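Topology and contacts: notes
So the chains spell out like this:
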Amino acid sequence: MTALLRAEGLHVSYGRVDAVRGVSLAVEAGRIVTVIGPNGAGKTTLLAALMGLLPSRGTVTYDGADLARFEVEDRVERGLCLVPEARELFGDMSVADNLLLGAYPFRRERGFRAKLDDVYARFPRLAERRGQTASTLSGGERQMLALGRALMMRPRLLMLDEPSLGLAPLIVREIFRIIMGLRELGVSILLVEQNARAALESADYGYVLETGEISLHGPAAELLHDPRVTATYLGGA
Ligand code: ATP
């Protein structure tokens, strides 16, 4: 199968700190690929570099093209979309306005309104709260709004930075169900998580990132039972 995104020998440094050191990974079209690893392993840095928000060395190809040629805006236009850990909603604005702003570049295109209806159909809780201010939403609803806003941008590759962060276990399960539903839509997903179990249970393939390097990778179902993963990331289960 051809990969939608392939990184080879990716390096990212903050001055003298090498945060990502020679990472190679691939996301096949229509798959959920997860990168798990502890705090400070370089997960956020990796996503920021793929999005073009940080300079990097190495090669990244996306849809057959070398990404180095593309600015962030070009990457967005080609369907690369990052949902950052902080979710970065417009707190004083309503749910509806957050969704509309997310799709601002596409506002003149046909099907724009239909896209909004699609998002409301997928997230009934957002539809019920469309007039509510974003800052008054619960943590889970905020994550749904961040995902909904990303969907408004018609992503082909959705990069999610710790979507489960700070959420109660039941809500985490709901968010992961939603993410798996996005795969059914044909969206490819690169999911960065500290919640290794939830991530591996949802993903097709997984990578373990430790101090900037991939220490292990394989089909997610195999990693779930790999003693090196269970001992360190799944509480020995
Ligand atoms: P977390 O799960 O805690 O967010 P992470 O795996 O996403 O961790 P990163 O945030 O990518 O890890 O950080 C990787 C390394 O780079 C860490 O050692 C961190 O201290 C360092 N780092 C991150 N951002 C900067 C920065 N702006 N300047 C300098 N060092 C940074």
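Along every chain, residues carry numbers that run from 1 in the direction the sequence is written. Per-residue local features of the predicted model are confined to residues with pLDDT of at least 70, and side-chain atom pairs are confined, for both listing and counting, to 80 or more; whole-chain, interface and lining totals are unaffected and use all residues. To obtain the side-chain values, all non-hydrogen atoms of the structure were included, while hydrogens and water were left out.

Remarks on helix α3 (residues 95-102)
Applied cut-off: Relative accessibility thresholds used throughout: buried, under 20% of the residue-type maximum; exposed, over 50%; partly exposed, between the two (1.4 Å probe, protein chains only). In this description a helix means any DSSP run of H or I spanning at least four residues, a strand means any run of E spanning at least two, and both kinds are numbered starting from the N terminus. In this context, the arc is that of the directions from the helix axis out to the C-beta atoms. Contacts are assigned to residue pairs that have any heavy atoms within 4.5 Å of one another.
Here α3 has its buried residues at V95, A96, N98, L99 and G102. End-on view of α3: buried residues confined to an arc of 165 degrees, all on one side of the axis. Residues of α3 that are buried in the fold lie against α4 (112-122), α5 (124-128) and α6 (139-151).

Side note on the environment of A7
Position of A7 relative to the elements: it lies in strand β1 (residues 3-14). C-alpha of A7 to C-alpha of R31: the two residues are 24 residues apart in sequence and 16 Å apart in space. When near neighbours in sequence (up to four residues on either side) are disregarded, A7 contacts V23, S24, L25, L50, T59 and V60.

Remarks on the packing of α3 against α4
Filter applied, for reference: Note on geometry: axes are lines fitted to C-alpha atoms, helical ones only across the stretch in contact, with angles between N-to-C directions running from 0 to 180 degrees. An angle below 35 degrees is treated as roughly parallel, one above 145 as roughly antiparallel, one from 65 to 115 as roughly perpendicular, and anything else as oblique. A crossing counts as left-handed when the near helix is turned anticlockwise from the far one by less than a right angle, and as right-handed when that turn is clockwise.
Closest axis-to-axis distance for the α3/α4 pair is 11 Å, and the angle between their directions is 130 degrees. Taken together, the axes of α3 and α4 are oblique relative to one another. Regarding α3 and α4, the two cross each other, and that crossing is right-handed. On α4, the residues that touch A96, L99 and L100 of α3 are F112, R113, L116, V119 and Y120.

Quick notes on the packing of aromatic side chains
Remark: the centre distance and the inter-plane angle together describe each pair of aromatic rings, the angle taken between the planes. To be explicit about the condition: Here a pair means two rings of Phe, Tyr or Trp (six-membered ring of Trp) with centres within 6.5 Å. Their orientation is stacked below 30 degrees between planes, edge-to-face above 60, and tilted elsewhere. The rule is short: NZ of Lys or CZ of Arg within 6 Å of the ring centre and within 35 degrees of the ring normal puts a charge over the ring.
Under the counting rule described, the total for this entry stands at one aromatic pair. One residue, R78, lies across the ring of F70, its end atom 3.9 Å from the ring centre.

Some details on the sheet that holds strand β6 (residues 80-83)
For the record, the criterion: In this description, strands pair whenever DSSP reports at least two bridges between them.
The strand order across the open sheet formed by six strands is β6-β7-β8-β3-β9-β10, and the pairing between neighbours is mixed. The open sheet has two edge strands, β6 and β10 (213-219), and neither has a second partner. The mean inter-strand angle of the sheet, taken between neighbouring strand axes irrespective of direction, is 15 degrees. Helix-sheet contacts for α6 involve β6 and β7 (157-161), and the interaxial angle to β6 is about 165 degrees.

Details of the nonpolar core
Where we set the bar: Definition used in this section: a nonpolar core is a set of buried Ala, Val, Leu, Ile, Met, Phe, Trp, Tyr and Cys residues joined via side-chain atoms within 4.5 Å.
One finds L158, I179, I189 and V229 to be the most contacted residues of the largest nonpolar core, which totals 52 residues. Not counting residues within four places of it along the chain, the set of residues in contact with V229 comprises I36, L200, V208, L216, L223 and L234. Core analysis: the next-biggest nonpolar cluster, separate from the first, contains 31 residues, L4, V20, V23 and Y62 among them.

Observations regarding the packing of α3 against α6
As a reminder of what qualifies: Ten residues, namely Ala, Val, Leu, Ile, Met, Phe, Trp, Tyr, Cys and Pro, are considered nonpolar, four, namely Asp, Glu, Lys and Arg, are considered charged, and the remaining ones, Gly among them, are considered polar.
In contact at an axis separation of 7 Å, α3 and α6 are set at 35 degrees when each is read in the N-to-C sense. Of the two possible hands of crossing, α3 and α6 adopt the one that is right-handed. For the pair formed by α3 and α6, the contact residues are V95, N98, L99 and G102 on the first element and L145, G148 and R149 on the second. For the contact of α3 with α6, the residue count by class is three nonpolar, three polar and one charged.

Quick word on the sheet that holds β1
An order of β2-β1-β4-β5 is seen for the four strands of this open sheet, with the pairing classed as antiparallel. In the strand order of this sheet, the two ends are held by β2 (17-28) and β5 (65-66), each with one partner. Across two bridges, strand β4 (residues 57-62) lies against β5 in antiparallel orientation. Bridging from a neighbouring strand, T61 pairs with D66 of β5. Packing against the sheet, helix α1 (residues 43-51) makes contact with β1, β2 and β4, and its axis sits at approximately 115 degrees to β1.

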